[in-house]
Amino acid sequence: MQALLVGKIKPRVAIVGCGTVGTAIGKLLRDVDYRISGVATSNLETARRAAGVTGSERFSSFPWEVTRGADVVFITTPDDLIESTCMSISEHRGFDKNVVVIHCSGALSSDILSSARDCGAEVANLHPLQSFASVDQAVSLLPGSFCTIEGDSSALPIVRQMVEDIGGILLEITAEKKMLYHAAAVAASNYLVTLIHLALELNEAAGLATDTSFNALLPLIRGTLSNIGEKGIPAALTGPIARGDVATVSAHLKAIEKDAPELLQLYRCLGLYTVGLARAKKTIGREAADKLASLLGR
Ligand SMILES: NC(=O)c1ccc[n+]([C@@H]2O[C@H](COP(=O)([O-])OP(=O)(O)OC[C@H]3O[C@@H](n4cnc5c(N)ncnc54)[C@H](OP(=O)(O)O)[C@@H]3O)[C@@H](O)[C@H]2O)c1
């Protein structure tokens, strides 16, 4: 593998699982002169189409038929099939010695590819920190997206090279901390949805229709994101907790308890966390922080 890098010979890449990410990575690598030696997916017609998009030499519905002879194998099936697909390729002796086997899951680490390691392969994870709804979208968004990698030290040089070649931005992590990294992505993406839903529910309890309410909140949400980008956290924090305005927070709790009691616990929990940010911003003293914490934690 090192020879491939040093000699600048592009590795032969096989893709197993020809959905959004597998097909897009195949196309992007092909566009920068990697050889896509084979693609495999459970549906032969899909494999045929993916071979057309990626310029692959071979296609099959049996992964081991296309993985043999490859220098790099991407397993881009749905997450819950990565480990079993890897095992099945291993059982069919589908991995050459020293091949680099990569999966793209955000939640799982490269350790789930241990059956390939047992065959003499090197394993890694390459997770594009982005959400893709289609192959075309992935092809246009992957360049410029952060791509988080971890894995065997001998596998990482070629993984770094591929990320660089497709225009991704490298972020490196350890297998051990992968789950925390994924929890962070869930917090930033999924819980943002939850947070905005909380705001919409409170507005609904206030008599505002969801469409109007969302349109009204959107400039506030965008402004806050832009402040976070410009000033960072905790500097971007504003509002009653940042001001130490105990009376307003107390009035919020009473109003929510009366008209939307099912949201009270979440509001309290977020408020308590925010008191810590206000202390870090140094806009409230210990006395105000204690009052707010006791009010919100009650
Ligand atoms: N989409 C995203 O936004 C995104 C972002 C970052 C990372 N990822 C990761 O990328 C990986 C792939 O996700 P995706 O979004 O590309 O999924 P996807 O579009 O659902 O594609 C997965 C493909 O795997 C194929 N497949 C299913 N079972 C298989 C099997 N037993 N053997 C071989 N192929 C099989 C399916 O093809 P057929 O059934 O048609 O044969 C399907 O098209 C996942 O690990 C995911 O976590 C996705």
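Residues numbered from 1 in each chain as written. Predicted model: local features only at pLDDT ≥ 70, side-chain atom pairs only at ≥ 80, totals over all residues.

Axis separation between helix α12 (residues 246–259) and helix α14 (residues 286–297) bottoms out at 10 Å; the angle between their running directions is 5°. Taken together, the axes of α12 and α14 are roughly parallel relative to one another. Contacts between α12 and α14 involve V246, V249, S250 and L253 from the former and A288, K291, L292, L295 and L296 from the latter. (Axes fitted to C-alpha atoms, helices over the stretch in contact; angles between N-to-C directions. Helix = DSSP H or I, 4+ residues; strand = E, 2+ residues; numbered from the N terminus. Parallel < 35°, antiparallel > 145°, perpendicular 65-115°, else oblique. Contact = placed C-beta atoms within 7 Å.)

What follows deals with the domain arrangement of the protein chain. Considered domain by domain, the protein chain is made up of domain 1 (2–173) and domain 2 (181–297). Just the C-alpha atoms count here: the centres of domain 1 and domain 2 sit 41 Å apart. (Domains from an automatic or database assignment.)

Reading across from one edge, β3-β2-β1-β4-β5-β6-β7-β8 is the order of the 8 strands in this open sheet, with mixed pairing throughout. Edge positions in the open sheet fall to β3 (59–60) and β8 (169–172), since each of these has one partner strand only. As paired strands, strand β5 (residues 100–103) and strand β6 (residues 122–128) are joined by 4 bridges and run parallel to one another. From the neighbouring strand, V100 faces β6, where its bridge partner is E122. Set on the sheet, helix α3 (residues 44–54) makes contact with β1 (12–16), β2 (35–40) and β3; between it and β2 the angle comes to about 165°. (Pairing = 2+ DSSP bridges.)

Spanning 18 residues, helix α13 (residues 264–281) covers 25 Å between terminal C-alpha atoms, matching the ideal 26 Å at 1.5 Å per step. After α13 finishes, the residue K282 shows a positive phi value of roughly 65°. (Expected span 1.5 Å × (residues − 1).)

Here we come to unusual backbone geometry. Residue P234 follows I233 across a cis peptide bond; omega there is 20°. With respect to the helices and strands, P234 occurs in the loop between α10 (210–231) and α11 (240–243). Phi angles above zero are rare outside glycine, and D33 is one such case at about 75°. Mapped onto the secondary structure, D33 falls in the loop between α2 (20–31) and β2. Here D33 falls in the exposed class, since 8 other C-beta atoms lie within 10 Å of it. Unusually for a residue other than glycine, K282 sits at a positive phi of about 65°. Locating K282 in the fold gives a position in the loop between α13 and α14. For K282, a count of 8 C-beta atoms within 10 Å puts it in the exposed group. (Buried ≥ 20, exposed ≤ 12 C-beta atoms within 10 Å, placed from the backbone.)

It is worth spelling out the nonpolar core at this point. Of all hydrophobic cores here, the largest spans 53 residues; its most connected members are V39, V73 and V101. Of all the elements, α2 adds the most residues to this core, at 5 residues. Look past the residues within four positions of V101 in its chain and what remains in contact with it is V73, I75, C86, F95, L113, A116, A121 and V123. Ranked by size, the runner-up nonpolar core spans 7 residues in total, among them I241, V275, I284 and L296. (Core = buried A, V, L, I, M, F, W, Y, C linked by C-beta atoms within 7 Å.)

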